[in-house]
Amino acid sequence: MPDVQPALTGLTPDALSEWLAAEGQPAFRAGQILDWVWKKKAASFEAMTNLPAPLRAKLAETFRLHSLEHSQTQGASDTTRKFLFKLHDGRYVESVLIPANPALYGEKSDRRTLCVSSQVGCAYGCKFCASGLAGFTRNLDASEIAGQVLAAEMLSGERVDNLVFMGMGEPLSNLDNLLDAIAIITSPWGLHLGARHLTISTSGLVPQIRKLAAHPQQIRLAISLHGATDAVRQQIMPLNKKWGVDELFGALDDWNARKKQHLTLEYILIEGVNDDLDQARILAMHARRLKAKVNLIPYNTVEGLEWKRPSEHQCRAFRDILKNAGVTAMLRLEKGHDIDAACGQLRLKQETEEGIIEAPAKR
Ligand code: SAH
Ligand code: SF4
């Protein structure tokens, strides 16, 4: 990674206070600076008008204010908007702002949800996923994760109410940086968002699920299941060979024993792959035992991949089996389908245009 100034948005109050003390500055400056960054959302160090000019100059010499450079926005303000950000090393990362989302997680419909990325690319190579296609490049640091929320609020002029870690990458394989970012996002001096408004989505990293279960905050968890048996799941999710469904469900039992919030099981419906009604019956059994909600997502077409979504009739039949078994099941009508809102796709195109990575080969 090239040498680059640290971003102010990655600093905890302690780290900032330490730096200020070394500069001979009074302790109250830390609060003023954090206030400018996270509450007043200052666009530059010069805008921090209650700081002495020499301190502003020293800050600018030492830090970058933000870690993300806005590169592009797709979508209008009353629809799903996708922000593309350039990172200091020329890579890209994306966030998706969803204006009203009554279908998701039972939240009130006037709440705005931001879908946040946790890595550039992804190492887990799920066969249906655009983020997995190009492989893994690197983890995002805490300032790059928390910075997406700040940037989305600054660009939209709106407050983000809910966060879902469902963008590019596998959040639980970047757990330390993720938890540092969550500390910034939930703290009163930072974005002050309640932990129960945060949902981490994972493809099922069992040891990290157990670790997160022991974390004191009531963060929500969503599991990308996409198959109710090993035979079906491991065809499309290579990581299932390492952590099979029984082991995964065992970790989810432990999660339930420690957490109040109900789990969500995400299930993409792919024609002829995992949409058999037998899978629905097995899924229903597990979801009931786990008291989990199920989100059914008809597959979103990815350029270069040949999977298809099932007919609407098949999707409804799948959902009805769950409903009739007493499971809360949502058939999600994909928002933002038209602007490539499925994870990873915008970034993939942008980097391809600049020649950073090859276009995905057909497979
Ligand atoms: N790596 C984590 C976080 C990414 S979440 C995880 O897998 O859970 C991204 C979500 O979008 C996951 O549920 C993923 O399975 C889903 N997804 C990936 N490709 C998709 C596609 N083409 N259509 C619909 N959903 C997709
Ligand atoms: Fe990675 Fe999640 Fe995509 Fe799988 S679904 S490749 S874990 S981002």
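Residues numbered from 1 in each chain as written. Chains lettered and ligands numbered in written order. Predicted model: local features only at pLDDT ≥ 70, side-chain atom pairs only at ≥ 80, totals over all residues. Heavy atoms only, no water.

J.: What exactly am I supposed to notice about the environment of Lys-242 here?
T.: With respect to the helices, strands and loops of the structure, Lys-242 is situated in the loop between helix H8 (230–236) and helix H9 (245–258). On the basis of relative accessibility, which here comes to 60%, the residue Lys-242 falls in the exposed class. The spacing of Lys-242 and Val-206 is 36 residues in sequence and 9.4 Å in space, taken between C-alpha atoms. (Helix = DSSP H or I, 4+ residues; strand = E, 2+ residues; numbered from the N terminus. Buried < 20%, exposed > 50% of the residue type's maximum accessible area, 1.4 Å probe, protein only.)

J.: Explain the site of ligand 2 to me, please; I cannot follow it from the model alone.
T.: As a matter of local geometry, ligand 2 sits amid Cys-122, Tyr-124, Gly-125, Cys-126, Phe-128, Cys-129, Ser-131, Gly-132, Gly-169, Glu-170 and Ser-203. Counted by class, the shell around ligand 2 contains five nonpolar, five polar and one charged residues. (Near = heavy atom within 4 Å. Nonpolar A, V, L, I, M, F, W, Y, C, P; charged D, E, K, R; others polar.)

J.: Could you clarify how one ought to interpret the sheet that holds strand S10 (residues 264–269) in this entry?
T.: Remark on secondary structure: sheet strands pair via backbone hydrogen bonds, oriented parallel or antiparallel. The strand order S1-S2-S3-S4-S7-S8-S9-S10-S11-S12 describes an open sheet built from ten strands, whose pairing is mixed. Each end of this open sheet is capped by a strand with a single partner; those strands are strand S1 (69–74) and strand S12 (329–331). The average undirected angle you get between the axes of adjacent strands in this sheet is 20 degrees. One ladder, built from six bridges, connects S10 with strand S11 (residues 293–298); its direction is parallel. (Pairing = 2+ DSSP bridges. Axes fitted to C-alpha atoms, helices over the stretch in contact; angles between N-to-C directions.)

J.: Help me understand the site of ligand 1 in this model?
T.: If you check the shell around ligand 1, you find 18 residues, and the closest are Gly-169, Ser-201, Ser-224, His-226 and Asn-300. Phe-128 is positioned with one of its backbone polar atoms (N or O) 3.4 Å from a nitrogen atom of ligand 1. With the chains in place, 91% of the 530 Å² that ligand 1 exposes on its own is no longer accessible. Taken together, the residues that form the shell around ligand 1 break down as nine nonpolar, eight polar and one charged. (Polar contact = N/O pair within 3.5 Å; in protein donor to acceptor, adjacent residues only side chain to side chain. Areas by Shrake-Rupley, 256 points an atom, 1.4 Å probe, with all protein chains shown as cover.)

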